[in-house]
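Listed here are the chains, written in short residue letters.
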Amino acid sequence: MSDPLAPVLERLDQDAALAVARLCDLLRIPSVSTDPAFKPDCRRAAEWLAAELSAIGFDAAVRETPGHPMVVGHSRAHPEGAPRLLYYGHYDVQPADPIELWESPPFEPVVIEAERGPRVVGRGAVDDKGQVMTWLEALRAWHAVHGSYPARITVLLEGEEESGSPSLNGFLEANREELAADVCLISDTGMWDIDTPAITTSLRGMVYSEVTLHGPSRDLHSGMYGGAVPNPINVLARLIAQLHDEQGRIQIPGFYDGIAEPSAERLAQWRELGFDESAFLAEVGLKTPAGEAGRSALERLWSRPTCDVNGIHGGYTGKGAKTVIPAHATAKISCRLVPGQDPKTVEAGIRRFFEERAPADCRVELTVHSASPAIEVPDRSPELTAALRGLDRVFDKTPVLIGCGGSIPVAGAIRRLLGFDSLLIGFGLEDDRVHSPNEKFELRCLHNGARAHAAILAELGKPST
Ligand code: BES
Ligand code: ZN
């Protein structure tokens, strides 16, 4: 039989402009999951995706959860007994703030010409709507050409990934059989560079907590009380300063328990990549490497844990001056975890750290927003080999295996609750401004990503893999 992939690639080339228009339609829906004001928009994004899936040969539906809905679809036409693939993506996006730094409105996507060709700018361009469209466009083209799929395909689209996936585990557990597959495909990570495709084999985990210190029973005049009562902001700042020692070691009790060093083979793989740390820093206006002593930048990013304050508030933050001792002070603190660390131990450690150090009359309140362990994907499975072959067919450069400092909790949840691994094949670039103003996706990455997914589908659909 002639090569089933060739006409699909041709179709993707012909339809490239339509694919951009479809992505822009999705980007116009402001599906910010963390802000209740956008709840109806999250549902609208889910409905939009379910309709797209229905149009390309899927039985698809918007499915309720205690939070934002999921979308689940099943391919209608495929060979009996074909391999089973689960495609996962998220349709929710981060808030657009700080809005004044956007050069065009975040939810009015624009295509602009830049050094590396045209790019689309808008919230969610790369994380994750543009990347969802890489596989959705590949599926669309495959279906248009062949009228069926070479694999039994299930699609799962989540609307709460950017807020820690609170409904995900329950949904996976409740729909275990329906979501069963041999492997899950996720495009929510990056390439090595614009020419070099990559498969990510490790992700960091995350414990996201919020600590509030409660002091006096009300805000006080700082002249009447200052110096004779504890100030929760001063105390919180002192404790935050103690989170790291002079060498950058994190002081949370039990924090480093169980950490496994990456294998020598993995470290060698990373060294061979030839990471340019100066360029990495220069792109964000910096020059001087920072972090744990004795580690390369890629080790620090991919195999070492962190503890970072993401936001801090309390007292008077308006214009001008107000003399006040606040009743409360709050910090949002995220810890990125690496293989071996147990999120429960880290959570207990954070609690102990603040409770043991807070002075008398300062009550500690700790809320944990999300907790998920780090993930490692085996780097030698038949599925990974098939995906590498697929990438090889459409890129000139040989694909590489990389780590990722970010977190995608679903990969671990699928391993734990559904019992299979994920292939993390992303098409983002370092300078895509993920979570920042002016987020963008290169159209070359969108198009090559779609071509790559068609080739990967062809390889994974072969009965031998
Ligand atoms: N797509 C990102 C993860 C990512 C970030 C991959 C940077 C590659 C580079 C994902 O949507 C994300 O941002 N995840 C959150 C998860 C958290 C809320 C549990 C993260 O990493 O902060
Ligand atoms: Zn994402």
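Predicted model, so just to flag it, every value in this text is computed and none were measured. (Residues numbered from 1 in each chain as written. Chains lettered and ligands numbered in written order. Predicted model: local features only at pLDDT ≥ 70, side-chain atom pairs only at ≥ 80, totals over all residues. Heavy atoms only, no water.)

Q: Describe the overall build of the protein, naming the residues involved and giving the relevant values.
A: Along the backbone of the protein there are 13 helices and 18 strands. C-alpha atoms of the protein, sized along the principal axes, occupy 85 × 50 × 45 Å. For the protein, the residues scored as buried account for 54% of the 465 residues in total. Within the protein, residue pairs in contact and separated by at least 24 positions form 79% of the contacts whose partners lie at least 6 positions apart. As presented, the protein carries roughly 20200 Å² of accessible surface, and 51% of it is formed by carbon and sulfur atoms. Taking the average place of the 46 positive charges on the side chains of the protein and the average place of its 65 negative ones, the gap between the two points comes to 2 Å. (Helix = DSSP H or I, 4+ residues; strand = E, 2+ residues; numbered from the N terminus. Buried < 20%, exposed > 50% of the residue type's maximum accessible area, 1.4 Å probe, protein only. Contact = heavy atoms within 4.5 Å. Areas by Shrake-Rupley, 256 points an atom, 1.4 Å probe, with all protein chains shown as cover. Lys, Arg positive; Asp, Glu negative; His and termini not counted. Charge placed at Lys NZ, Arg CZ, Asp CG, Glu CD.)

Q: Give me the coordination of the zinc ion (ligand 2): which residues, what numbers.
A: Distances from the zinc ion (ligand 2) to its protein donors, namely His90 (NE2), Asp127 (OD), Asp188 (OD) and Asp188 (OD), fall within the range 1.9 to 2.4 Å. Expressed as a motif, the donor residue spacing for the zinc ion (ligand 2) is H-x36-D-x60-D. Linking His90 in strand S3 (residues 84–90) with Asp127 in the loop between strand S5 (117–121) and helix H4 (129–146), this pair joins segments that are 37 residues apart in sequence. Taken individually, His90 and Asp127 each receive the classification buried, so the pair is uniform in this respect. (Donors = N, O, S within 2.8 Å, 3.2 Å for Na, K, Ca; no water.)

Q: Kindly report on the sheet that holds S5, identifying the contributing residues and their values.
A: Across the sheet, which stays open at both edges, the three strands sit in the order S4-S5-S18 with antiparallel pairing between neighbours. Each edge of the open sheet carries a strand with a single partner, namely strand S4 (110–114) and strand S18 (440–442). Going across the sheet, the axis of each strand differs from the next one's by a mean of 30°, ignoring polarity. Along the sheet face, helix H13 (residues 443–461) touches S4, S5 and S18 and points at about 60° away from the line of S18. (Pairing = 2+ DSSP bridges. Axes fitted to C-alpha atoms, helices over the stretch in contact; angles between N-to-C directions.)

Q: Can you explain the site of ligand 1? Please cite residues and give values.
A: Around ligand 1 lies a shell of 13 residues, among which Glu161, Asp188, Arg336, Ser407 and His435 are the nearest. With respect to ligand 1, the side chain of Arg336 contributes an N or O atom lying 2.7 Å from an oxygen atom. Compared with its free state, where it exposes 510 Å², ligand 1 has 83% of that area covered by protein. When the residues that make up the shell around ligand 1 are grouped by side-chain class, the tally is three nonpolar, five polar and five charged. (Near = heavy atom within 4 Å. Polar contact = N/O pair within 3.5 Å; in protein donor to acceptor, adjacent residues only side chain to side chain. Nonpolar A, V, L, I, M, F, W, Y, C, P; charged D, E, K, R; others polar.)

Q: Can you lay out the sheet that holds strand S14 (residues 363–372) for me, pointing to particular residues and giving the numbers?
A: Pairing in this open sheet of four strands is antiparallel, and the strands run S11-S13-S9-S14 from one edge to the other. A strand with exactly one partner marks an edge of an open sheet, and here the two such strands are strand S11 (308–314) and S14. Across this sheet, the average inter-strand angle for adjacent strands is 15°, counted without regard to direction. Alignment of strand S9 (residues 205–214) against strand S13 (residues 328–337), held across ten bridges, turns out to be antiparallel. Note that in S13 the partner of Leu213 across the bridge is Ala329. Seen against the sheet, helix H10 (residues 343–357) touches S9, S13 and S14 and runs at an angle of roughly 165° to S14.

Q: Give a detailed account of H10, specifying residues and quantitative values.
A: Spanning 15 residues, H10 covers 21 Å between terminal C-alpha atoms, matching the ideal 21 Å at 1.5 Å per step. Taken as a whole, H10 has its buried residues at Pro343, Val346, Glu347, Gly349, Ile350, Phe353 and Phe354. For H10, the arc enclosing every buried residue in end-on projection is 160°, short of the 170-degree limit, so these residues lie on one face. The outward face of H10, more than 90 degrees from its buried face, is lined by the exposed residues Lys344 and Glu356. Structurally, H10 contributes buried residues whose contacts are with S9, helix H6 (232–241), S13 and S14. (Expected span 1.5 Å × (residues − 1). Arc of directions from axis to C-beta.)

Q: I'd love a proper account of the pairing of S9, names of residues and values included.
A: Summarising burial for S9: nine of the ten residues are buried, a large majority. In the sheet, S9 pairs with S14 via nine bridges, with the strands oriented antiparallel. Paired with Leu213 across the two strands is Val364, which belongs to S14.

Q: Any details on the packing of helix H11 (residues 382–394) against H13? Residues and values, ideally.
A: It is the contact of H11 with H13, at a shortest axis distance of 8 Å, that shows an interaxial angle of 135°. In terms of their interaxial angle, H11 and H13 are classed as oblique. Relative to H13, H11 is oriented so that their crossing is right-handed. Contacts between H11 and H13 involve Glu383, Ala386, Ala387, Arg389, Gly390, Leu391, Arg393 and Val394 from the first element and Arg451, Ala452, Ala455, Ile456, Glu459 and Leu460 from the second. (Parallel < 35°, antiparallel > 145°, perpendicular 65-115°, else oblique. Left-handed = near helix turned anticlockwise from the far one by under 90°.)

Q: Outline the environment of Arg238, listing residues and values.
A: Within the fold, Arg238 resides in helix H6. In this structure the C-alpha to C-alpha distance between Arg238 and Glu108, which are 130 residues apart in sequence, comes to 43 Å.

Shape descriptors only; they carry no functional weight alone.
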